[in-house]
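So the chains spell out like this:
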Amino acid sequence: MSVVLSAQGLRKSYGALTVTDNLSLDLHQDELLAVIGPNGAGKTTLINQLSGQLRPDAGRVVLAGRDISDQSMAQRVHLGMARTFQITSILPGFSVLENVALAVQARSGSSFRFFRAAAGQRRLNDAAMAHLAEVDLDADAQRRAADLSHGKQRQLELAIALATDPHILLLDEPLAGTGGAEAARLVALMQRLKARHSILLIEHDMRAVFALANRIAVMVYGQIIATGTPDEIRANPRVRAAYLGQESV
Amino acid sequence: MRLMGRDLVALLLFAGFAAVPLLANLLQDPFLLVIATRMLAFAIAAMGLDLVLGYGALVSFGHAAYLGIGAYAVTILMRLGVYDIGLHLLAGIAAAVVFAVGTGAVSLRTRGVYFIMITLAFSQMAYFFFVSFSALGGDDGASLPQRSTLFGHDLLENDLWLFWLALGLLIGLFLVCRAIVGSRFGRVLCGARENPQRMQAIGFVPFGYQLTAYVISGAITSIAGVLLANQAEFVSPALMNWHRSGELIVMVVLGGIGTLSGAIAGAVLALLLEETLAGFTQYWKLWFGLFLVGIVLFAPGGVQGLVARIKLQIGSRR
Ligand SMILES: Nc1ncnc2c1ncn2[C@@H]1O[C@H](COP(=O)(O)OP(=O)(O)O)[C@@H](O)[C@H]1O
Ligand SMILES: [Mg+2]
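Nothing here was measured: the structure is a model prediction, and the numbers come from that model. (Residues numbered from 1 in each chain as written. Chains lettered and ligands numbered in written order. Predicted model: local features only at pLDDT ≥ 70, side-chain atom pairs only at ≥ 80, totals over all residues. Heavy atoms only, no water.)

Caption draft 1: Looking closely at helix 6 (residues 112–131) of chain B. All names here are of chain B. Counted at 1.5 Å a residue, the expected span for helix 6 with its 20 residues is 28 Å, and the 29 Å between its end C-alpha atoms agrees. Among all positions of helix 6, only Phe-115, Thr-119, Leu-120, Phe-122, Ser-123, Gln-124, Ala-126, Tyr-127 and Phe-130 are buried. Buried residues along helix 6 sit in contact with helix 4 (64–79), helix 5 (85–107), helix 10 (206–232) and helix 11 (242–255). (Helix = DSSP H or I, 4+ residues; strand = E, 2+ residues; numbered from the N terminus. Expected span 1.5 Å × (residues − 1). Buried < 20%, exposed > 50% of the residue type's maximum accessible area, 1.4 Å probe, protein only. Contact = heavy atoms within 4.5 Å.)

Caption draft 2: The arrangement of the sheet that holds strand 5 (residues 66–67) of chain A in detail. Residues and elements named next belong to chain A. Spatially, four strands are ordered 2-1-4-5 in an open sheet, and the strand pairing comes out antiparallel. The sheet terminates laterally at strand 2 (17–28) and strand 5, the two strands that pair on one side only. Examined bridge by bridge, strand 4 (residues 58–63) and strand 5 share two bridges and lie antiparallel to one another. Residue pairing across strands places Leu-63 opposite Arg-66, the latter belonging to strand 5. Helix 1 (residues 43–51) rests against strand 1 (3–14), strand 2 and strand 4 of the sheet, and its axis sits at about 120° to strand 1. (Pairing = 2+ DSSP bridges. Axes fitted to C-alpha atoms, helices over the stretch in contact; angles between N-to-C directions.)

Caption draft 3: The environment of Ala-41 of chain B, seen in detail. Residues and elements named next belong to chain B. Turning to its location among the elements, Ala-41 is positioned in helix 3 (residues 31–56). On the accessibility criterion, Ala-41 (1% relative accessible area) is buried. It is 9.2 Å that separates the C-alpha atoms of Ala-41 and Gln-231, two residues lying 190 residues apart in sequence. With residues near it in sequence (within four places) discarded, Ala-41 still touches Ala-224, Leu-227 and Leu-228.

Caption draft 4: Quick peek at the coordination of the magnesium ion (ligand 2). Residue and element names in this part refer to chain A. Those protein atoms acting as donors to the magnesium ion (ligand 2) are Thr-44 (OG1) and Gln-86 (OE1), and they sit at 2.0 to 2.1 Å. Separated by 42 residues along the polypeptide, Thr-44 in helix 1 and Gln-86 in the loop between strand 6 (81–83) and helix 3 (96–107) bring together distant segments of the chain. Residue classification places Gln-86 among the partly exposed positions, given a relative accessible area of 33%. (Donors = N, O, S within 2.8 Å, 3.2 Å for Na, K, Ca; no water.)

Caption draft 5: Region of interest: the site of ligand 1. All names here are of chain A. Close to ligand 1 lie Tyr-14, Leu-17, Val-19, Pro-38, Asn-39, Gly-40, Ala-41, Gly-42, Lys-43, Thr-44 and Thr-45. Between Ala-41 and ligand 1, the recorded distance is 3.3 Å, taken from a backbone N or O atom to an oxygen atom. Between ligand 1 and Thr-44 there is a distance of 2.8 Å, counted from an oxygen atom to a side-chain nitrogen or oxygen. When ligand 1 is considered free in solution it has 560 Å² of accessible area, and contact with the protein chains removes 60% of it. If you list the elements that add at least two residues to the shell around ligand 1, you get strand 2 and helix 1. (Near = heavy atom within 4 Å. Polar contact = N/O pair within 3.5 Å; in protein donor to acceptor, adjacent residues only side chain to side chain. Areas by Shrake-Rupley, 256 points an atom, 1.4 Å probe, with all protein chains shown as cover.)

Caption draft 6: Local environment of the packing of aromatic side chains. For the structure shown, the criterion picks out 17 aromatic pairs over all chains. Seen from their ring centres, Phe-61 of chain B and Trp-242 of chain B are 6.2 Å apart, and the 80° between their planes marks the pair as edge-to-face. You can see Phe-61 of chain B sitting in the loop between helix 3 and helix 4 and its partner Trp-242 of chain B sitting in helix 11, a full 181 residues away along the chain. Aromatic side chains Phe-115 of chain B and Tyr-214 of chain B sit 6.4 Å apart centroid to centroid with 75° between the ring planes, which places their arrangement in the edge-to-face category. You can see Phe-115 of chain B sitting in helix 6 and its partner Tyr-214 of chain B sitting in helix 10, a full 99 residues away along the chain. Neither residue differs from the other here; Phe-115 of chain B and Tyr-214 of chain B are each classed as buried. Taken together through their ring pairs, the aromatic side chains of Phe-112 and Phe-114 of chain A together with Phe-185, Phe-204 and Tyr-209 of chain B make up a single cluster. For the cation-ring pair, Arg-83 of chain A lies above Phe-85 of chain A, with the distance from its terminal atom to the ring centre recorded as 3.9 Å. (Phe/Tyr/Trp six-rings, centres within 6.5 Å; stacked < 30°, edge-to-face > 60°. Lys NZ or Arg CZ within 6 Å of the ring centre and 35° of its normal.)

Caption draft 7: Region of the structure containing a nonpolar patch on the surface. Taken together, the side chains of Leu-22, Leu-23, Leu-26 and Leu-27 of chain B define a hydrophobic patch exposed on the protein surface, amounting to about 450 Å² of accessible area. You can see Leu-22 of chain B is positioned in helix 2 (residues 20–27). (Patch = residues over 30% accessible without salt bridge, like charges linked within 9 Å, V, L, I, M, F, W, Y side chains within 5 Å. Salt bridge = Lys/Arg side-chain N within 4 Å of Asp/Glu carboxyl O.)

Caption draft 8: Quick peek at the domain arrangement of chain A. All names here are of chain A. If you check the domain split of chain A, you get domain 1 (1–80 + 167–249) and domain 2 (89–165). Its C-alpha centre places domain 1 at a distance of 26 Å from the equivalent point of domain 2. For the pairing of domain 1 and domain 2, the buried interface totals around 1300 Å² over both sides, and the portion due to carbon and sulfur atoms is 58%. On inspection of domain 1 and its partner domain 2, the count reaches one salt bridge. Residue Arg-196 pairs with Glu-134 through a salt bridge whose shortest N-O separation is 3.3 Å. Here domain 1 is connected to domain 2 by nine residue pairs in polar contact (both at pLDDT 80 or more). At the level of secondary structure, the elements contributing two or more residues to the side of domain 1 that touches domain 2 comprise helix 2 (73–78), strand 7 (168–172) and helix 6 (180–193). Take the side of domain 1 that touches domain 2: its biggest share by element is six residues, from helix 6. Classifying every residue of the side of domain 1 that touches domain 2 gives eight nonpolar, six polar and six charged. (Domains from an automatic or database assignment. Buried area = accessible area lost by both parts, 1.4 Å probe. Nonpolar A, V, L, I, M, F, W, Y, C, P; charged D, E, K, R; others polar.)

Here it is, written out as structure tokens:
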């Protein structure tokens, strides 16, 4: 399988604390790779470096064979990478539709257009509605994003990410704080998405992880201590000791 | 085109302004036209400021500099023998654009309080530049030999024509600003106000959009400076004093930020209060300050907020 995104020898420290410790990891075409690990292991910091929000102290980020270490987060979006955040990041004062339409706008034509009303642009709205339908949020299109439930805001953030037309998705704990039905809907959505996207998923919900992942990487103290199929990870004694503990999965 | 409550407020304000000449005639009070023209000029300036303050969440504490730039464009061109208002406006706008590009590019590298302070610092630099420019009257300022001409005619010597010109400019600029905030560009600007991190994560770099908005905003405010110079036939650095920048912010807040027509209402209200309170007491600024505190505490959202709440009340009673 071809590698679409890889971290090569990434290092990041905050003072004496090494948060990413010579980390290398490959994301393959159209797979869902789950990264699991205890709180503070450095998972979010890894996504921040992959997405360009944070510069590593050393190492490279390579996208389809091309070194993109010097590219900003905005530039990487145009190369087909999109992300969601552990703490929901949407435009709270915008309507649900406007949130997604603006992401469509980012990929279609110039935004230095000053006179025509954006609200009436079919090209933006139709594409946005399609993405909202994809995450089952089309009925809420006209609501203010801030007024949505937490779970629906997570769905919205996914729709925003999808609207940038990415082939790589970096998802940071999309299920965090969502309830049963909402979580189930998000899991079903990710199940659909992984057919057409390469996904790096950080998630604490082990049931979801083992249901969705093609491969799982286990991260502890800034290092990947094991990578493998869900069955391999389940059977790995080091993983059981370091992370899964007595939990039966 | 979708009409909103804010457009209604703007329409009412424009209609109110249009009635002023009639009123001035009835009451035999030409001073009304003078006040109304000043209101129109400050409404333009406040609306220009609202573009960055309300839609970009960029609190510029230096917008008086653009009033001064517009006004001094008139003074300087007249010294050079150029009297046409079209050229005065063009020169004012061009100078404002240059100043805004330079200072904006630096200021926008900072955020929050630092942005406020650095815009203030730049406008004070402009202020002291003109204070020390003795050929233009220095600290005292200087009178204009006449008002600007319109197509070679001295129409604007008549307060009524100057008033109509100011009203025409305000309405035209309102329509321009209204289009801008609803455009693709306006959406990006507002998005960067809402959540810059999310904007980067969908591929936008806010800086260029914010700088462009800052430049447009400065240019609009400089137009108000050209009008004020003509209205007073006098230009001094006092126009670009930091008090003025503060007053412009007050106008926007008073009317309701991020609504455009609110800035117009705020300018009207602020000048009305100034005129009436100043007639009662020399301590009017104290009362004005108390009034402002009252607005912030009891009517957040300013005039627009009140209108919206009244509409809600009426709606719920039906
Ligand atoms: N900006 C920062 N400054 C200092 N320490 C940080 C910073 N960001 C993260 N850390 C620390 O790095 C470690 C890893 O954080 P994070 O990547 O958020 O972990 P995870 O997502 O796996 O829970 C934590 O100990 C956290 O406190
Ligand atoms: Mg995290």
